Amino acid sequence: KPCPLCDEAKEVLEPHKRRFILQEVDITLPENSAWYDKYKYDIPVFHLNGKFLMKHQVDIQKFEDELTKLELQND
């Protein structure tokens, strides 16, 4: 904190929040040191169902495409 890039990303994702659960991870906490080592220069980073999706900013088209794929698999 503060993380303006994270705040901006959450704003972009806001209209889609009913379709997914956002789990924020504070990579500066000791228990998240593996994430810190991996992503300290690349925040924010997004995973969808445990799989890396994107970093730095939201690619809304990519996000929507991957989310739709998951929704279709679960129907």
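You'll find the structure just up there.
Okay, so let's go over this structure. Keep in mind that this is a model prediction, so the values were computed, not measured.

Each value, and the rule that gives it
Starting afresh in each chain, residues are numbered from 1 along the sequence in its written order. In keeping with the predicted nature of the model, local features appear solely for residues at pLDDT of at least 70, side-chain atom pairs appear and are counted solely at 80 or more, and the whole-chain, interface and lining totals rest on all residues. Side-chain numbers here rest on the full set of heavy atoms in the structure, without hydrogens or water. Comment: elements are numbered from the N terminus, with helices defined as DSSP H or I runs of at least four residues and strands as E runs of at least two. In this scheme, a residue with accessible area under 20% of its type's maximum is buried, one over 50% is exposed, and one in between is partly exposed, where area comes from a 1.4 Å probe on protein chains only. Here the nonpolar core consists of buried residues drawn from Ala, Val, Leu, Ile, Met, Phe, Trp, Tyr and Cys, with membership extended through side-chain atoms lying within 4.5 Å. Residues are treated as being in contact if the distance between any of their heavy atoms lies within 4.5 Å. Expected helix span is computed as 1.5 Å times (number of residues minus one). Of all possible arcs, the one meant is that of the directions from the helix axis to the C-beta atoms. Only Phe, Tyr and Trp rings are paired, with Trp represented by its six-membered ring, and only when their centres lie within 6.5 Å; those with planes under 30 degrees apart are stacked, over 60 edge-to-face, the remainder tilted.

### Structural notes on the environment of Cys-3
Working step 1: Structurally, Cys-3 is set in the segment before helix 1 (4-13).
Working step 2: Assessed through its relative accessible area of 16%, Cys-3 is described here as buried.
Working step 3: Along the primary structure Cys-3 and Ile-43 are separated by 40 residues, whereas in three dimensions their C-alpha atoms are 8.7 Å apart.

### What to know about the nonpolar core
Working step 1: The biggest cluster of nonpolar side chains holds 11 residues, and these are Ala-9, Leu-13, Phe-20, Phe-46, Leu-48, Leu-53, Met-54, Val-58, Phe-63, Leu-67 and Leu-70.
Working step 2: Breaking this core down by element, the ones donating at least two residues are helix 1, strand 1 (45-48), strand 2 (51-55) and helix 3 (60-74).
Working step 3: The biggest single contributor to this core is helix 3, with 3 residues.
Working step 4: Setting aside residues up to four positions removed in sequence, Phe-46 forms contacts with Ala-9, Leu-13, Lys-51, Phe-52, Leu-53, Met-54, Gln-57 and Val-58.

### Focus on helix 3
Working step 1: Between its first and last C-alpha, helix 3 extends 21 Å over 15 residues, near the 21 Å set by a 1.5 Å rise per residue.
Working step 2: Every buried residue of helix 3 is listed here: Phe-63, Leu-67 and Leu-70. Down the axis of helix 3, the sector holding all buried residues measures 60 degrees, keeping them to one side. Counted as exposed and oriented over 90 degrees from the buried face of helix 3: Leu-72 and Gln-73.
Working step 3: Buried residues in helix 3 make contact with helix 1, strand 1 and strand 2.

### Quick look at the packing of aromatic side chains
Working step 1: Taken as a whole and judged by the stated rule, the model has 3 aromatic pairs.
Working step 2: Taking the centre distance of 5.8 Å and the plane angle of 10 degrees together, the rings of Trp-35 and Tyr-39 count as stacked. Of this pair, Trp-35 and Tyr-39 both sit in helix 2 (residues 33-39), separated by 4 residues, roughly a single helical turn.
Working step 3: Tyr-39 gets classed as buried once you look at its relative accessible area, which sits at 8%.
Working step 4: Taking the centre distance of 6.5 Å and the plane angle of 15 degrees together, the rings of Tyr-39 and Phe-52 count as stacked. Separated by 13 residues along the polypeptide, Tyr-39 in helix 2 and Phe-52 in strand 2 bring together distant segments of the chain.

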